[in-house]
Amino acid sequence: MYVVKSPLSDADLKTVSGALQGALVDLVDLSLVAKQVHWNVVGPRFRSIHLQLDEVVDTARLHSDTVAERASTLGVPPDGRAATVATTSGIGVTPEGWIKDTDAVGELVDALSAVISRMRVRVDATGEADPVSQDIFIQITADLEKHHWMFQAENG
């Protein structure tokens, strides 16, 4: 059932809605991973990494809202439920318990790499179908790549 009618063709809507849903899931999971690591990081660089992790959380949450609202704009109900995120995210499992600062940085580099890789596929997939959504994916990718660079620099 469509409450909002999309201006896109059915084929383009299928492509774009899949990309938006996948991005939503990855961004929600990225915010959860960053928060989990944020709560459990220990070590001499605790404070700087702790604060840097909140920047990733803020970015992921901001963009997840943008993505979900874009889906709604196109008449597609976004699905950010925990079960959906758990079964469809492209991010690996985050370890439980305390995490040494260098390992925490590695976890974020890996999580960001996974999301960036999938986001770049979405950029390519939506170029013809919906340049507006593609533009959103480009901005998300740029922001995530900046975090990726900064976390990589942490472990030099």
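An unreviewed UniProt entry lists the protein chain under the name DNA starvation/stationary phase protection protein, with Streptomyces olivochromogenes given as the organism.

J.: What should I look at first to understand the overall build of the protein chain in this one?
T.: Secondary structure summary: the protein chain contains five helices and two strands in total. Going from N to C terminus, the protein chain has its helices and strands arranged as α-β-α-α-β-α-α. Here the C-alpha atoms of the protein chain give a radius of gyration of 16 Å, agreeing with the 15 Å that 2.2 N^0.38 yields for 156 residues. Taking the principal axes of its C-alpha atoms as reference, the protein chain extends roughly 55 × 30 × 20 Å. Evaluated residue by residue, the protein chain yields a buried proportion of 46% over its 156 residues. A separation of at least 24 residues holds for 82% of the contacts in the protein chain among residues at least 6 apart in sequence. Surface exposure of the protein chain reaches about 8,100 Å², of which carbon and sulfur atoms provide 57%.

J.: For this particular structure, what's the right way to read the side chain of Asp 26?
T.: Examined against the element boundaries, Asp 26 turns out to sit in helix H1 (residues 10–40). The exposure class assigned to Asp 26 is buried, which follows from its relative accessible area of 0%. Only 2.7 Å separates the side chain of Asp 26 from the side chain of Arg 118, close enough to count as a polar contact. Ignoring anything within four residues of it in the chain, the contact list for Asp 26 reads Thr 88, Ser 89, Gly 90, Ile 91, Val 115, Arg 118 and Arg 122.

J.: Would you take a moment to explain the UniProt feature "domain: Ferritin/DPS" (unreviewed entry) in the protein chain for this structure?
T.: Here, the residues flagged by UniProt with the feature "domain: Ferritin/DPS" (unreviewed entry) are residues 19–153. Secondary structure within residues 19–153 divides into 79% helix and 3% strand; the distance between the first and last C-alpha atoms comes to 30 Å.

J.: What's the story with the environment of Glu 55 in this structure? I'm lost.
T.: You can see Glu 55 is positioned in helix H2 (residues 46–73). Assessed through its relative accessible area of 41%, Glu 55 is described here as partly exposed. The spacing of Glu 55 and Ala 34 is 21 residues in sequence and 9.1 Å in space, taken between C-alpha atoms.

J.: Honestly, the nonpolar core in this entry has me stumped. Any pointers?
T.: Across soluble globular proteins, nonpolar side chains show a tendency to be buried alongside one another. Counting residues in hydrophobic clusters, the biggest one holds 44 residues, and the most contacted among them are Leu 30, Leu 108, Leu 144 and Phe 151. Of all elements in the fold, only H1, H2, helix H4 (101–126) and helix H5 (131–155) reach the threshold of two or more residues within this core. The greatest single-element share of this core, amounting to 13 residues, is contributed by H1. Dropping the residues within four chain positions of it, Phe 151 is found in contact with Ile 49, Gln 52, Leu 53, Val 56, Val 105, Leu 108, Val 109 and Leu 112.

J.: I tried to follow the packing of H2 against H5 on my own but got confused; where do I start?
T.: In the contact formed by H2 and H5, the axes pass within 11 Å of each other and the chain directions differ by 170°. Taken together, the axes of H2 and H5 lie roughly antiparallel to each other. Along the contact surface, H2 presents Ile 49, Gln 52, Leu 53, Glu 55, Val 56, Thr 59, His 63, Thr 66, Val 67 and Arg 70, while H5 presents Val 132, Ser 133, Ile 136, Gln 139, Ile 140, Asp 143, Leu 144, His 147, Met 150, Phe 151 and Glu 154. Split into classes, the residues belonging to the contact of H2 with H5 amount to ten nonpolar, seven polar and four charged.

J.: Help me understand the packing of H1 against H5, please; the structure alone is not making it clear to me.
T.: Packed helices, taken two at a time, are described by the angle between their axes plus the distance between the axes. Where H1 contacts H5, the two axes come as close as 11 Å, and the packing angle between them is 25°. In terms of their interaxial angle, H1 and H5 are classed as roughly parallel. Crossing handedness for the pair H1 and H5: left-handed. Every residue of H5 that contacts H1 at Val 16, Ala 19, Leu 20, Ala 23, Leu 27 and Leu 30 is listed here: Ser 133, Phe 137, Ile 140 and Leu 144. Partitioned by chemical class, the residues of the contact of H1 with H5 number nine nonpolar, one polar and no charged.

J.: What's the story with empty space enclosed by the protein in this structure? I'm lost.
T.: One way to see where empty space is left: roll a probe the size of a water molecule over the atoms. Under the criterion given, the structure shown has one cavity of 30 Å³ or more. Taken as a whole, the largest cavity holds about 30 Å³ of empty space. Elements with a minimum of two residues in the lining of the largest cavity: H1 and H2. The class makeup of the residues in the lining of the largest cavity is seven nonpolar, two polar and no charged.

Parameters at a glance
Think of each chain on its own: its residues are numbered from 1, step by step along the sequence as written. Local features in this predicted model are restricted to residues of pLDDT 70 or higher, and side-chain atom pairs are both shown and tallied only at a pLDDT of 80 or more, whereas totals for entire chains, interfaces and linings draw on every residue. With hydrogens and water set aside, each side-chain value is computed from the structure's full complement of heavy atoms. Where helices and strands are cited, they refer to DSSP runs of H or I of at least four residues and of E of at least two residues respectively, numbered from the N terminus. We compute the radius of gyration from the C-alpha atoms alone; for a globule the expected value is 2.2 Å times N to the 0.38, where N is the number of residues. Exposure classes here rest on a 1.4 Å probe applied to the protein chains alone. A residue is buried below 20% of its type maximum, exposed above 50%, and partly exposed in between. In this description, contact between two residues means that some pair of their heavy atoms is separated by no more than 4.5 Å. Each accessible area is a Shrake-Rupley result for a 1.4 Å probe, and residues are judged covered by the shown protein chains and nothing else. In the analysis that follows, any N or O atom pair within 3.5 Å is treated as a polar contact, provided that within protein one partner can donate a hydrogen and the other can accept it, and provided that, for residues neighboring in sequence, both atoms belong to side chains. UniProt positions are given in the numbering used here, feature names are shortened, and annotations may be inferred rather than shown by experiment. The criterion is simple. A nonpolar core is a set of buried Ala, Val, Leu, Ile, Met, Phe, Trp, Tyr and Cys residues joined through side-chain atoms within 4.5 Å. A fitted line through C-alpha atoms represents every axis, and for helices the fit uses only the stretch in contact; the resulting angles, taken between N-to-C directions, go from 0 to 180 degrees. Convention used here: angles under 35 degrees read as roughly parallel, angles over 145 as roughly antiparallel, angles from 65 to 115 as roughly perpendicular, and any remaining angle as oblique. Three classes are used: nonpolar for Ala, Val, Leu, Ile, Met, Phe, Trp, Tyr, Cys and Pro, charged for Asp, Glu, Lys and Arg, and polar for all others, with Gly counted as polar. Crossing handedness is read from the near helix: turned anticlockwise from the far helix by less than a right angle, it gives a left-handed crossing, and turned clockwise, a right-handed one. Here a cavity denotes a set of grid points, spaced 1 Å apart and computed over the protein atoms alone, in which a 1.4 Å probe fits but from which it cannot get out, and a pocket denotes an open set meeting protein on both sides within 12 Å along at least five of seven lines; residues with an atom within 4 Å of a point are reported as lining. Grid points are joined across faces, edges and corners, and a volume is the space filled by probe spheres set on the points.

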